Amino acid sequence: MTQISNHMPTAELQALDAAHHMHPFTHNADLGAKGARIITRADGVWLTDSDGNRILDGMAGLWCVNLGYGRQELVDAATRQMQELPFYNTFFQTSHTPAIALAARLAELAPGDLNHVFFAGSGSEANDTNLRMVRTYWAEKGQPEKQVVISRWNAYHGSSVGSGSLGGMKGMHSQGGLPIPGIHHIDQPDWWSEGGDMTPEDFGLERARQLETAIKELGADKVAAFIAEPVQGAGGVIVPPATYWPEIQRICREHDILLIADEVICGFGRTGNWFGSQTMEITPDIMTIAKGLSSGYLPIGGSIVSDRIAEVIGNAEFNHGYTYSGHPVAAAVALENLRILDEEGIVTRVREETAPYLAEKFRSLTDHPLVGEAKIVGMMGSIALTPDKASRAAFEADGGTAGYICRERCFANNLVMRHVGDRMIISPPLVISREEIDTLIERAWQSLDETHAKLQADGLMKARKVA
Ligand SMILES: *Cc1c(COP(=O)(O)O)cnc(C)c1O
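Because the structure is predicted, anything quoted here is derived from the model rather than measured.

(A) Spotlight on the packing of aromatic side chains. One pass over the full model with this rule turns up seven aromatic pairs. Arranged with centres 6.0 Å apart and planes meeting at 90°, the rings of Phe87 and Tyr324 form a pair that is edge-to-face. Separated by 237 residues along the polypeptide, Phe87 in the loop between helix H4 (72–84) and helix H5 (97–109) and Tyr324 in the loop between helix H13 (307–314) and helix H14 (328–343) bring together distant segments of the chain. The exposure class of Phe87 is partly exposed, given its relative accessible area of 30%. Their ring planes at 75° and their centres at 5.8 Å tell us that Phe118 and Phe318 sit as a pair that is edge-to-face. Of this pair, Phe118 sits in strand S4 (residues 114–120) while Phe318 sits in the loop between H13 and H14, and the two are 200 residues apart along the sequence. Taking the relative accessible area as the measure of exposure, Phe318 reaches 16% and is therefore buried. Over the aromatic face of Trp191 sits the side chain of Arg392, whose NZ or CZ is 3.7 Å from the ring centroid. Here Arg434 stacks its cationic end above the ring of Tyr357, 4.5 Å away from the centre of that ring.

Take a look at the structure:
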């Protein structure tokens, strides 16, 4: 076997990748024919690929590299912990300082009485924990019928059987027999695509009240919890109308339904506060965390749980856990990541300086002929591509055709901006500077121009007729 390294020609790496590596959420044969882009190193907000291009990472990896790349402190924290204690479990009445310290720090940072942490290796695993935990909670409280979890179409909560069922991605449900029983989906608060003639405010209330309707239909004595991302991420950075969350909170309280805020993207500064729940002013019973918890340097996730849930769960034996729950090296790196976010004032700087600066520039993209709305909260934003702004029309071509062209143009212009259907999304590292924001917007504008030209040349600037 030859030594595979970054010194090999790109084409050889691509051929080996296509031969042996199955990529997540990818049409692997198509990718094999085209060749994967191979990232070799990164620093700050900049990626380098195997052809030597320097690419501005507008997605923070996969919404997770909040601190940016190349932080030596995180490397040192991992090295120290690997030397001292590379692994020990937290089952069977044992513990270790990284897990203790991280749980205590998260309890400090989390709002209200969210004081208890159940660790997992990822966001998917943490949401699986939540599913079992809320059902166990009600069973232990003598209401074993309260088992249904309500979620939303186009939500993303992970890719395992449980978390993929909680999510509302139809393309995922159609493979492998999802969703499992006991999950109910309501519509998402996406005003641009689904709001019709309603005002955003009325639409927000209408979508929130679908939760109340579902609870009444299913019976409040059957519903355990509602799960949602404060701002939907993978669904296309859907920022709900201002009326949405207060109404959801009211409904959960009134019907005694637990609220799970999936903070996997929104957590750790992304929305300008430590948690998206603070930005949306909600009080969840459980928060799911992962991604930005370690800035993606090592895999770790978890559930931060309220006093009342921890007390009930604590009075039973919860037959649940992962080998890597509270993994000491991942926990040590997460703790160091939180220290830096705090001591360098990064969350505050996002809220007060860089996010407002980015927001102003980002909203100016609506001056582009191809862009309908631009929505942004903190350091996560999206723009809707449209052939006709006035009617908020979708393209006649299959959803995602324009988005895909735009994403390819972004890549060609050395900018990573993802597309979800025909929405273009950004979620840059929180350490992005003003200058880098300027570069991001310039490259986005350039890519939109090129996309627009191509759509016109190909006769694709046509609106879909509404049935
Ligand atoms: C990414 C994500 C998950 C899943 O996390 P993994 O670490 O990929 O399992 C769950 N919820 C949300 C909101 C996410 O964005």
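(B) Spatial organisation of the packing of helix H16 (residues 401–412) against helix H17 (residues 434–457). The N-to-C vectors of H16 and H17 enclose an angle of 135°; their axes lie 9 Å apart at closest approach. Here H16 lies oblique to H17, going by the angle between them. The two elements H16 and H17 meet at a crossing, and its hand is right-handed. From H16, Ala402, Ile405, Cys406, Arg409 and Cys410 reach across to H17, where they touch Ser447, Leu448, Glu450, Thr451, Lys454 and Leu455.

(C) Representation of the site of the ligand. Taken together, Ser122, Gly123, Ser124, Asn127, Tyr156, His157, Gly158, Glu229, Asp262, Val264, Ile265 and Lys291 form the complete shell of residues around the ligand. Ser124 is positioned with one of its side-chain polar atoms (N or O) 2.5 Å from an oxygen atom of the ligand. Tyr156 has a polar backbone atom sitting 3.4 Å from a nitrogen atom of the ligand. At three residues, helix H6 (residues 123–140) tops the list of elements feeding residues into the shell around the ligand. Grouping the constituent residues of the shell around the ligand by class yields three nonpolar, six polar and three charged.

(D) Structural context of the sheet that holds S4. Spatial ordering of the open sheet is given by S4-S10-S9-S8-S7-S5-S6, a layout of seven strands whose pairing is mixed. Of all strands in the sheet, those bounded by a partner on one side alone are S4 and strand S6 (183–186). Here the average twist between neighbouring strands, direction ignored, is 25°. Sheet topology note: the S4/strand S10 (residues 301–306) ladder contains six bridges and is antiparallel. Within the sheet, the bridge partner assigned to Phe118 lies in S10 and is Ser303. Sheet strands touched by helix H10 (residues 200–218): strand S5 (148–152), S6 and strand S7 (223–228). Its angle to S6, the strand with the most contacts, is close to 145°. Together, S5, S7 and strand S8 (258–262) form the strand contacts of helix H11 (residues 244–254), whose direction differs from that of S7 by roughly 165°.

(E) Just the sheet that holds strand S14 (residues 418–420), in detail. Pairing is antiparallel in the open sheet, where four strands are placed in the order S11-S12-S15-S14. The open sheet has two edge strands, strand S11 (371–377) and S14, and neither has a second partner. On average, each strand axis in the sheet is tilted by 25° relative to the strand beside it, whichever way the strands run. Relative to strand S12 (residues 380–385), S11 runs antiparallel, the two sharing five bridges. Following the sheet pairing, Ile376 is matched in S12 by Gly381.

Conventions used here
- Going along each chain's sequence as written, the residues are numbered from 1 onward.
- Given that this is a predicted model, residues contribute local features only at a pLDDT of at least 70 and side-chain atom pairs are listed and counted only at 80 or more, while totals for whole chains, interfaces and linings are drawn from all residues.
- Side-chain metrics rest on all non-hydrogen atoms present in the structure, leaving aside hydrogens and water.
- Side-chain rings of Phe, Tyr and Trp, where Trp is taken by its six-membered ring, are said to pair if the distance between their centres is within 6.5 Å; with planes under 30 degrees apart they count as stacked, over 60 as edge-to-face, and otherwise as tilted.
- Only DSSP runs of H or I covering at least 4 residues are called helices, and only runs of E covering at least 2 are called strands; the numbering of each starts at the N terminus.
- Here's how the labels work: a residue is buried when its accessible area is under 20% of the maximum for its type, exposed when over 50%, partly exposed in between, all with a 1.4 Å probe on protein chains only.
- Charges are assigned to positions over rings by a cutoff of 6 Å between ring centre and Lys NZ or Arg CZ, combined with an angular limit of 35 degrees from the ring normal.
- Between the N-to-C directions of two axes lies an angle of 0 to 180 degrees, each axis being a line fitted to C-alpha atoms and, for a helix, fitted only over the stretch in contact.
- Oblique is the label for every angle not falling under 35 degrees (roughly parallel), over 145 degrees (roughly antiparallel), or within 65 to 115 degrees (roughly perpendicular).
- Crossing handedness follows the turn of the near helix against the far one: under a right angle anticlockwise gives a left-handed crossing, and clockwise gives a right-handed one.
- By definition, residues are in contact when any of their heavy atoms lie within 4.5 Å.
- Consider each residue's heavy atoms; a residue with any of them within 4 Å of a molecule or strand counts as near.
- Throughout this description, a polar contact denotes any pair of N or O atoms lying within 3.5 Å of each other; where both atoms belong to protein, one of them has to be capable of donating a hydrogen while the other can accept it, and for residues adjacent in sequence the pair is counted only when both atoms sit in side chains.
- The classification used treats Ala, Val, Leu, Ile, Met, Phe, Trp, Tyr, Cys and Pro as nonpolar, Asp, Glu, Lys and Arg as charged, and all other residues, Gly among them, as polar.
- Only strands that DSSP links by at least two bridges are regarded as paired with each other.

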